Amino acid sequence: MEKRLTGKVAIVTGASRGIGRAISVALAKEAATIVLTARAIDKLKETAEQVTAVGGKAHIIPAELTDEQSIKDLVRATGERFSRLDILVNNAGITHSSKLEETATEDWDRCHNVNARAPFILCREALPLLKKSEAAYIINIASVVGVKGYPSQSAYTASKHALRGMTISLSEELKGSNIRVHLLCPGGVDTDLVQKVRPDIKKQDLMQPEEIAELVLYLVTHKGNAVIDELHIRRAASTPWF
Ligand SMILES: NC(=O)c1ccc[n+]([C@@H]2O[C@H](COP(=O)([O-])OP(=O)(O)OC[C@H]3O[C@@H](n4cnc5c(N)ncnc54)[C@H](OP(=O)(O)O)[C@@H]3O)[C@@H](O)[C@H]2O)c1
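Residues numbered from 1 in each chain as written. Predicted model: local features only at pLDDT ≥ 70, side-chain atom pairs only at ≥ 80, totals over all residues. Heavy atoms only, no water.

(A) Focus on the pairing of strand E4 (residues 87–90). The alternating pattern of E4 places Ile-87 and Val-89 and Leu-88 and Asn-90 on opposite faces, both of which are buried. Across three bridges, the pairing between strand E1 (residues 9–13) and E4 is parallel. What sits directly across from Val-12, in E4, is Val-89. One ladder, built from four bridges, connects E4 with strand E5 (residues 136–141); its direction is parallel. Bridge pairing links Val-89 to Ile-139 in E5. Where the polypeptide runs from E4 across helix H4 (residues 105–130) and back to E5, its parallel neighbour, the crossover connection is right-handed. (Buried < 20%, exposed > 50% of the residue type's maximum accessible area, 1.4 Å probe, protein only. Helix = DSSP H or I, 4+ residues; strand = E, 2+ residues; numbered from the N terminus. Pairing = 2+ DSSP bridges. Right-handed = clockwise from strand over helix to strand, strands pointing away.)

Shown next, in the form of structure tokens:
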């Protein structure tokens, strides 16, 4: 039986580790071609090996997501190489922990640049290619902080609220088109990032990146009339309904 993403091309940001690496491998298991992007080329090569090992095709295009030209080059190079784009996963993200009164403007700007501005530019630049696909998907990875707030995380929280807001507007703009837009809001996942912000959570209580990746795979292979706009994914040990 033909794999479900045969012939499809995806861009996954933050593919060098963590959730982005797991999403890349999950899409690769269904034979997608993945444009892997991040800054750490050695780590991207490791992801590429994992992608090809499970039957996908990997193409590395490093990018610095705080640099608009770098994002434009990423999309242009994808179009030149593949002439199509079916899936855009805005996964790359950074966090920052400090009380608001101790948060430097640079920290605020860095969070917003990577977590909200870069997905905006990527969506804008990728839309012409996505519109040519018979069925395209934009997957934006926000966070539980995209719908609530934690102390000492105002810069991260505000940037993920911004990403959520942009996603809702874009979904409205694309209603009835060939492009579906989804937002994922996970709680603690076992990656480098969570070690920085929530070292208090026991490792065995964290979700695994592969669990988030499975949900992304579901969204980009589901073609029925039922649409899930937003997924809230929490750790089993956390409080239900927040
Ligand atoms: N882990 C969690 O508990 C959790 C929970 C909710 C939401 N999330 C969200 O899930 C997403 C992935 O997080 P993760 O936990 O997998 O984090 P991670 O392990 O720290 O990975 C972050 C990724 O983003 C890339 N990145 C960071 N800054 C970049 C920049 N300026 N330009 C290009 N790429 C950049 C990194 O690549 P390079 O360093 O190689 O550039 C890396 O691949 C993020 O949006 C995060 O906010 C995570």
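(B) Focus on the sheet that holds E5. The strand order E3-E2-E1-E4-E5-E6-E7 describes an open sheet built from seven strands, whose pairing is parallel. In this open sheet, the two edge strands, each paired with only one partner strand, are strand E3 (57–60) and strand E7 (230–233). Here the average twist between neighbouring strands, direction ignored, is 15 degrees. Sheet strands touched by helix H1 (residues 18–28): E1, strand E2 (33–37), E4 and E5. Its angle to E1, the strand with the most contacts, is close to 165 degrees. (Axes fitted to C-alpha atoms, helices over the stretch in contact; angles between N-to-C directions. Contact = heavy atoms within 4.5 Å.)

(C) Quick look at the packing of helix H3 (residues 68–82) against H4. Orientation of H3 relative to H4, taken along the N-to-C sense of each, is 30 degrees, at an axis distance of 10 Å. Taken together, H3 and H4 sit at an angle that is classed as roughly parallel. In this structure, H3 meets H4 at a crossing whose hand is right-handed. Between H3 and H4, the residues in contact are Glu-68, Ile-71, Lys-72, Leu-74, Val-75 and Gly-79 and Arg-117, Ala-118, Ile-121, Leu-122, Arg-124, Glu-125, Ala-126 and Leu-129, respectively. Residue composition of the contact of H3 with H4, by class: eight nonpolar, one polar and five charged. (Parallel < 35°, antiparallel > 145°, perpendicular 65-115°, else oblique. Left-handed = near helix turned anticlockwise from the far one by under 90°. Nonpolar A, V, L, I, M, F, W, Y, C, P; charged D, E, K, R; others polar.)

(D) Broad picture of unusual backbone geometry. Residue Ala-31 is not a glycine yet carries a positive backbone phi of 75 degrees. Among the structural elements, Ala-31 can be located in the loop between H1 and E2. In this model, Ser-152 sits at a positive phi of 65 degrees, which is unusual for a non-glycine residue. Since its relative accessible area comes to 31%, Ser-152 is described here as partly exposed.

(E) Representation of the pattern of salt bridges within the structure. In total, this model carries 19 salt bridges according to the counting rule given. A salt bridge links Lys-8 to Glu-134, with the shortest nitrogen-to-oxygen separation between them at 3.0 Å. Here the residue Lys-8 occupies a position in the segment before E1, and Glu-134 occupies one in the loop between H4 and E5, the gap between them amounting to 126 residues. Given the relative accessible area of 11%, Lys-8 is considered buried. Each of Glu-68, Lys-72, Arg-117, Arg-124 and Glu-125 takes part in salt bridges that share partners, so that together they form one network. (Salt bridge = Lys/Arg side-chain N within 4 Å of Asp/Glu carboxyl O.)

(F) Structural view of helix H2 (residues 41–53). For H2, with 13 residues, the first-to-last C-alpha span of 18 Å sits near the 18 Å given by 1.5 Å per residue. Within the sequence span of H2, burial applies to Leu-44, Thr-47, Ala-48 and Val-51. Along the axis of H2, the buried positions cluster into a sector of 105 degrees, meaning they face one direction only. Across from the buried face of H2, at angles greater than 90 degrees, the exposed residues are Asp-42, Glu-49 and Ala-53. If you follow the buried residues of H2, they end up packed against H1, E2 and E3. Just downstream of H2 lies Gly-55, where phi reads positive at about 105 degrees. (Expected span 1.5 Å × (residues − 1). Arc of directions from axis to C-beta.)

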